[in-house]
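Residue-level listing of the chains:
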Amino acid sequence: MPLIYFEVYCANCGEGLCKLTTVDERSGIKLVIKPCPECLKDAEIDGFDKGFFKGCEVTREQAEE
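Reading the values: the criteria
- Residue numbers here run from 1 along each chain, matching the order of that chain's written sequence.
- pLDDT decides what is reported in this predicted model: residues at 70 or higher carry local features, side-chain atom pairs at 80 or more are listed and counted, and totals for whole chains, interfaces and linings draw on all residues regardless.
- Hydrogens are left out, water is left out, and the side-chain values use all remaining heavy atoms of the structure.
- For our purposes a nonpolar core is just a set of buried Ala, Val, Leu, Ile, Met, Phe, Trp, Tyr and Cys residues, chained together by side-chain atoms within 4.5 Å.
- Burial here depends on accessible area, computed with a 1.4 Å probe over protein chains only, as a share of the maximum for the residue type. Under 20% is buried, over 50% is exposed, and the range in between is partly exposed.
- The criterion used for residue contact is that any of the two residues' heavy atoms lie within 4.5 Å.
- Whenever Lys or Arg places a side-chain nitrogen within 4 Å of a carboxyl oxygen from Asp or Glu, that contact is recorded as a salt bridge.
- To qualify as a helix, a DSSP run of H or I must reach at least 4 residues; to qualify as a strand, a run of E must reach at least 2; elements of each kind are numbered from the N terminus.
- Pairing of aromatic rings covers Phe, Tyr and Trp, the last through its six-membered ring, and needs centres within 6.5 Å; plane angles under 30 degrees mean stacked, over 60 mean edge-to-face, and all others mean tilted.

### Thoughts on the nonpolar core
In this structure, Val8, Cys10, Leu17, Cys36 and Cys39 together form the largest nonpolar core, which totals five residues. When sequence neighbours within four positions are dropped, the list of residues in contact with valine 8 reads Glu15, Gly16, Leu17, Cys18, Thr21 and Ile33.

### Let's talk about the pattern of salt bridges
Side-chain pairs of opposite charge can arise whenever the charged atoms involved come near each other. Counted under the stated rule, the structure contains two salt bridges. A salt bridge links lysine 41 to glutamate 38, with the shortest nitrogen-to-oxygen separation between them at 3.7 Å. One end of the pair is lysine 41 and the other is glutamate 38, both in helix α1 (residues 37–64) and three residues apart, which spans about a single turn. On the basis of relative accessibility, which here comes to 41%, the residue lysine 41 falls in the partly exposed class.

### Some details on the packing of aromatic side chains
On inspection of all chains with the given rule, the structure shows two aromatic pairs. An angle of 15° between the planes, with centres 6.1 Å apart, marks the rings of phenylalanine 48 and phenylalanine 52 as stacked. Taken together, the residues span about one helical turn, with phenylalanine 48 and phenylalanine 52 both in helix α1 at a distance of four residues. Residue phenylalanine 52 is classed as partly exposed on the basis of its relative accessible area, which comes to 44%. Linked through ring pairs, Phe48, Phe52 and Phe53 together constitute an aromatic cluster.

See below:
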C-alpha cells in the first residue's frame, strides 16, 4: 500500500488535529478524528446558554399569566 501523508485541521478554528486522529489500515483506510476540544467546549457552552435562556423565557411567560 502506498504511503499517503496528510494533515488534519479543525474547519472552525484551524487548530491542528494530528494528535486527535487515528488511522486503521486493517479494513482499507479508516480515519477516526475526534472533535477539536476548544470548539466542542464552545458548542457545549452555546447549547447550555440557549437552553437556559429558553427555560427562563418559558418561566417568565408562566409568571406573567
